[in-house]
Amino acid sequence: MSTGLTPVMIAGLCFAYVGGVAFLAVGVYLSIRRGRIHPLLLVSIAAISFSWIEAPYDWAMYAQFPPALPRMPSWWPLNMTWGGGLPSAVPIGYISYFVLPAVVGAALGRRLVRRFGWRRPQSLLVVGLIVGFCWALFFNAVVGARLGVFYYGYVIPGLAIFEGSRHQYPIYDAIAMGVQMMVFTYLLGRTDSQGRNVIEVWADRHSASRLGSALLSIVAVVIVGHAFYAAVFAPHLATKLGGFVTEGPSEQLFPGIPNQPR
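Keep in mind that what you see is a predicted model, and the values were worked out from it rather than measured.

(A) View of the overall build of the protein. Assigned secondary structure in the protein consists of eight helices and four strands. Ordered by position from the N terminus, the helices and strands of the protein form the series α-α-α-β-α-α-β-β-β-α-α-α. Each of the three principal axes of the protein carries a C-alpha extent, and together these read 60 × 40 × 35 Å. Across the 262 residues of the protein, 50% fall into the buried class. Here the analysis covers contacts within the protein between residues at least 6 apart in sequence; of these, 69% occur between residues at least 24 apart.

Encoded structure:
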């Protein structure tokens, strides 16, 4: 019996589940090995913690997914994703999506710092932004909008590629995602001689035990992740509510699901 899933959709689901579980497993292993929570595990926890914001983000961006994709329970705000609610692969998939470019950006940033003697904070932020932007552009514009894993019903005129077609992609989405990945790159790459990032250093100063420090680190990284995601989401919400997102195809994006109205 056909599930209605295309090979690209199946590959995307595998990337979400396998990649997300793999990063979590490696993060747990590294944490056990070093005797304290590892930055990789921290950013993985942060990514999955704010994945619920994807649904209102989809609503503001007019993002729609194929009806064949399994969905999360129809709870608010998860049901804000138009046409069936948030895909069930999103929470674990956020780890793969955000952490992979951050790992690449941190490794590349550190290498550039060693080779050219550049300042580490600025290098990690710039490299993280560039790698994150390129990754989001490839994943969302090519794998997503071009190959039909999801579409954007409307975009801001003049700020999208393939504008006016069902394959249109808003460039400002890649910028927003790049900023989020830039933060993760910094948290992974900016560590001290003990392998602690800035959040762990702060947590150690405010806790007398390793367990207390780990719990504080988790709470702090979740707050930081939410804060930056909210910051990059706010302009999208403002432009939608302001009526600036108006350019889109007249055709129906997915059979059986009406396009999200403006």
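Resuming the write-up.
(B) Examining the pattern of salt bridges more closely. Going through the model one piece at a time under the given rule, you end up with six salt bridges. For R36, the salt bridge goes to D204, with nearest N and O atoms at 3.0 Å. With R36 in the loop between α1 (7–34) and α2 (39–49) and D204 in helix α7 (residues 198–205), this residue pair connects regions lying 168 residues apart in the sequence. On the accessibility criterion, D204 (21% relative accessible area) is partly exposed. Sharing partners across several salt bridges, the network here consists of R34, R36, D192, R196, E200 and D204.

(C) Looking closely at the packing of α2 against helix α4 (residues 90–116). Between α2 and α4, the least distance of the axes is 8 Å, while the angle of their chain directions is 135 degrees. Relative to α4, the element α2 is oriented oblique. Between α2 and α4 lies a crossing of right-handed hand. Within the contact between the two elements, α2 uses L40, V43, S44, A47 and I48 and α4 uses P91, I92, Y94, I95, F98, V99 and V103. Its residues assigned to classes, the contact of α2 with α4 shows 11 nonpolar, one polar and no charged.

(D) Structural detail: the packing of aromatic side chains. Applying the stated criterion to the full structure yields 23 aromatic pairs. Measuring from ring centre to ring centre gives 5.6 Å for F50 and F98, while their planes differ by 80 degrees; the resulting arrangement is edge-to-face. Linking F50 in the loop between α2 and α3 (54–61) with F98 in helix α4, this pair joins segments that are 48 residues apart in sequence. Judged by relative accessible area, which is 0%, F50 ranks as buried.

Reading guide: rules and limits
Residues numbered from 1 in each chain as written. Predicted model: local features only at pLDDT ≥ 70, side-chain atom pairs only at ≥ 80, totals over all residues. Heavy atoms only, no water. Helix = DSSP H or I, 4+ residues; strand = E, 2+ residues; numbered from the N terminus. Buried < 20%, exposed > 50% of the residue type's maximum accessible area, 1.4 Å probe, protein only. Contact = heavy atoms within 4.5 Å. Salt bridge = Lys/Arg side-chain N within 4 Å of Asp/Glu carboxyl O. Axes fitted to C-alpha atoms, helices over the stretch in contact; angles between N-to-C directions. Parallel < 35°, antiparallel > 145°, perpendicular 65-115°, else oblique. Left-handed = near helix turned anticlockwise from the far one by under 90°. Nonpolar A, V, L, I, M, F, W, Y, C, P; charged D, E, K, R; others polar. Phe/Tyr/Trp six-rings, centres within 6.5 Å; stacked < 30°, edge-to-face > 60°.

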